[in-house]
Amino acid sequence: MTAEAGAHRMPPHRVSTVMHVRCPHGLPEETYRRVLEMLADLSPVVQALPPTAALVELKGALRYHGTDARRLGETLRVRTLSRLGVDVRIGVGPSITVAATASAWIPGPGGVLAVDPGQVAAWLGGLPVEALHGIGPRQAETLREYGIHSVGVLATVPPATVQRLLGGRAGRTAADRARGIDPRPVVPRTLPASATVRRTFPRHAVDGAEVRAALLELVVRLGRSLRRRDQAARAITLTLTFVGNGTWERTRRLTEPSAHDDDLRLLAYQLMDAAGLQRGRLSALTLKGEDLIDADQVAEQLSLDEAREARLVAEAAVDRVRDKFGPGVIGPAAVFRDAS
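Here the structure is a predicted model, which means the values were calculated and not measured.

**Some points on the overall build of the chain**
For step 1, the next point in the chain: Looking only at helices and strands, the chain has 14 helices and 10 strands in total.
For step 2, the next point in the chain: Taking all 340 residues of the chain together, the buried fraction comes to 44%.
For step 3, the next point in the chain: Counting contacts in the chain only where the partners sit at least 6 residues apart, residues at least 24 apart contribute 66% of the total.
For step 4, the next point in the chain: By element, 52% of the accessible surface of the chain is carried by carbon and sulfur atoms, the whole surface being about 17600 Å².

**What about the sheet that holds strand E2 (residues 46–49)?**
For step 1, the next point in the chain: Pairing within the open sheet is mixed, and its five strands lie in the order E2-E3-E1-E4-E5. At either margin of the open sheet sits one strand with a lone partner, and together these are E2 and strand E5 (111–114). Within the sheet, the average angular offset between the axes of one strand and its neighbour, ignoring direction, is 15 degrees.
For step 2, the next point in the chain: Summarising the sheet, strand E4 (residues 89–93) and E5 pair through four bridges and their orientation is parallel. Directly across from Val92, in E5, lies its bridge partner Ala114.
For step 3, the next point in the chain: This element, helix H2 (residues 29–42), spans strand E1 (18–22), E2 and strand E3 (53–57) of the sheet and lies at about 160 degrees to E2.

**Description of the nonpolar core**
For step 1, the next point in the chain: Membership of the largest hydrophobic core comes to 28 residues, with the highest contact counts inside it found for Leu215, Leu222, Leu226, Ile236, Leu238, Leu285 and Leu287.
For step 2, the next point in the chain: Residue assignment for this core shows that the elements contributing at least two residues are strand E6 (194–205), helix H11 (208–228), strand E7 (231–242), strand E8 (247–258), helix H12 (261–275) and strand E9 (282–290).
For step 3, the next point in the chain: It is H11 that provides the largest number of residues to this core, a total of eight residues.
For step 4, the next point in the chain: Those residues in contact with Ile236, other than ones at most four positions away along the chain, are Leu222, Arg250, Thr251, Arg252, Leu264, Leu267, Ala268, Leu271, Leu287, Lys288, Gly289 and Glu290.

**Structural notes on the packing of aromatic side chains**
For step 1, the next point in the chain: For the structure on display, the rule yields zero aromatic pairs.
For step 2, the next point in the chain: Here the basic side chain of Arg212 rests over the ring of Tyr269, its NZ or CZ set 4.5 Å away from the ring centre.

**Concerning the environment of Thr142**
For step 1, the next point in the chain: Secondary-structure assignment places Thr142 in helix H7 (residues 137–145).
For step 2, the next point in the chain: Residues Thr142 and Leu165, spaced 23 residues apart in sequence, show a C-alpha to C-alpha distance of 7.2 Å.
For step 3, the next point in the chain: With residues up to four places along the chain from it excluded, the contact list for Thr142 reads Leu165 and Leu166.

**Quick look at the packing of H11 against H12**
The relative placement of two packed helices is expressed as an angle between their axes plus a distance between the axes.
For step 1, the next point in the chain: As a packed pair, H11 and H12 sit with axes 9 Å apart at the nearest point and diverge in direction by 140 degrees. Looking at the two axes, H11 sits oblique to H12. Note that H11 runs across H12; the crossing there is right-handed. Counted together, Val211, Arg212, Leu215, Leu216, Val219, Val220, Leu222, Gly223, Leu226 and Arg227 of H11 and Asp261, Leu264, Arg265, Ala268, Tyr269, Met272 and Asp273 of H12 form the full contact between these two elements.

**Structural notes on the packing of helix H9 (residues 159–166) against helix H10 (residues 168–178)**
For step 1, the next point in the chain: Two elements in contact, H9 and H10, have axes whose closest approach is 7 Å; the angle formed by their N-to-C orientations is 135 degrees. Judged on the interaxial angle alone, H10 and H9 are oblique. Seen along the crossing, H9 lies across H10 with a hand that is right-handed. Across the interface between the two elements, Pro159, Val162, Gln163 and Leu166 from H9 touch Gly168, Ala170, Gly171, Arg172, Ala174 and Ala175 from H10.

**Looking at the environment of Gln231**
For step 1, the next point in the chain: As for its placement among the helices and strands, Gln231 is situated in strand E7.
For step 2, the next point in the chain: Not counting residues up to four positions away in its chain, the partners in contact with Gln231 are Leu226, Ala259, Leu292, Ile293, Asp294 and Ala295.
For step 3, the next point in the chain: One polar contact links Gln231 to Arg229, side chain to side chain, over a distance of 2.8 Å.

**What about the environment of Ala160?**
For step 1, the next point in the chain: Tracing the backbone through its elements, the reader meets Ala160 in helix H9.
For step 2, the next point in the chain: When the C-alpha atoms of Ala160 and Gly171 are compared, they prove to be 7.8 Å apart, with 11 residues separating the residues in sequence.

**Digging into unusual backbone geometry**
For step 1, the next point in the chain: A positive phi angle is found at Asp230, which is not glycine, with a value near 55 degrees.
For step 2, the next point in the chain: Secondary-structure assignment places Asp230 in the loop between H11 and E7.
For step 3, the next point in the chain: Looking at Asp230, the relative accessible area reads 51%, which means it is exposed.
For step 4, the next point in the chain: Its identity is not glycine, yet Asp291 carries a phi of approximately 50 degrees, on the positive side.
For step 5, the next point in the chain: Inspection of the secondary structure puts Asp291 in the loop between E9 and strand E10 (293–294).

**Examining the pattern of salt bridges**
For step 1, the next point in the chain: Tallied over the full model, the rule gives 13 salt bridges.
For step 2, the next point in the chain: Put simply, Arg77 and Asp87 hold a salt bridge, and the shortest N to O gap is 2.7 Å. Highlighted residues: Arg77 in helix H4 (residues 69–84) and Asp87 in the loop between H4 and E4, separated in sequence by 10 residues.
For step 3, the next point in the chain: Judged by its relative accessible area of 25%, Arg77 is partly exposed.
For step 4, the next point in the chain: The exposure class assigned to Asp87 is buried, which follows from its relative accessible area of 14%.
For step 5, the next point in the chain: Residues Asp262 and Arg265 are paired through a salt bridge, measuring 3.3 Å at the closest nitrogen-oxygen approach.

Rules and cut-offs
Residues numbered from 1 in each chain as written. Predicted model: local features only at pLDDT ≥ 70, side-chain atom pairs only at ≥ 80, totals over all residues. Heavy atoms only, no water. Helix = DSSP H or I, 4+ residues; strand = E, 2+ residues; numbered from the N terminus. Buried < 20%, exposed > 50% of the residue type's maximum accessible area, 1.4 Å probe, protein only. Contact = heavy atoms within 4.5 Å. Areas by Shrake-Rupley, 256 points an atom, 1.4 Å probe, with all protein chains shown as cover. Pairing = 2+ DSSP bridges. Axes fitted to C-alpha atoms, helices over the stretch in contact; angles between N-to-C directions. Core = buried A, V, L, I, M, F, W, Y, C linked by side-chain atoms within 4.5 Å. Phe/Tyr/Trp six-rings, centres within 6.5 Å; stacked < 30°, edge-to-face > 60°. Lys NZ or Arg CZ within 6 Å of the ring centre and 35° of its normal. Parallel < 35°, antiparallel > 145°, perpendicular 65-115°, else oblique. Left-handed = near helix turned anticlockwise from the far one by under 90°. Polar contact = N/O pair within 3.5 Å; in protein donor to acceptor, adjacent residues only side chain to side chain. Salt bridge = Lys/Arg side-chain N within 4 Å of Asp/Glu carboxyl O.

Listed below in structure tokens is the structure:
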């Protein structure tokens, strides 16, 4: 079924009330936050589902905007494409399950699929059982072993039987959702207080200088992201991902909350030294600012370190250059050597 074939235009008095938005995987956190801001322009009830999804309660918002849910979804998609260059998949329906199932069922990178409340049973019934939101691969495999290949068949199986197959709570939830029963509300929730930057290596990184330059690049990106959001981090977490998907992760707290490159770099290097990395083959580095607070909550300490004060003045000047000409026009020499 295509998004166009499965979509049902709904008059304002019979609208789907829940919108489920899926962003592309790998979307930078700052861009994801901007998508959430656009959703907040549609409705005051937005539930962030990081790193790439969100729920919106449209009840009441549709009357305010004077349109139906499908048109509102199309408007949102145009805005994310034109302003952020991000194509999103948007499902709308009378429950979280229906909306989330619809957004996952859209082919291609983006689109809008709205399911009318009166068509829920027919639409869900034709889907393969693994397409139902909340059904994992192992659960789908178990159901298929017993001949339950579609959501429609699952809806006809007595709930007690589904509970025996999948377990008590999981079975009850699957049986209810197959029938379109999902009373969960959209609960307003903002993003967790963290900011993440990541660097993947196209080839396995084993050279210490290359890894240190990549870490410095992440420090610069993280610091700039925090300063643009007027936030400061109380701690940072470094995650090393090795070939074969093994990981090493440690968190350390800053002496004082900060968004300045110097402070973040010092702690990031300490974390890297603590890893004792020798010739391990790295596939990625991830640096996360944790336990964030608003910058105006950070106490400004009088510093007698003239060199540090000069670096902070230079940092502010560099930020202005990046804001005007782009983030890649200026930075540490080691980062530019690594990129060349």
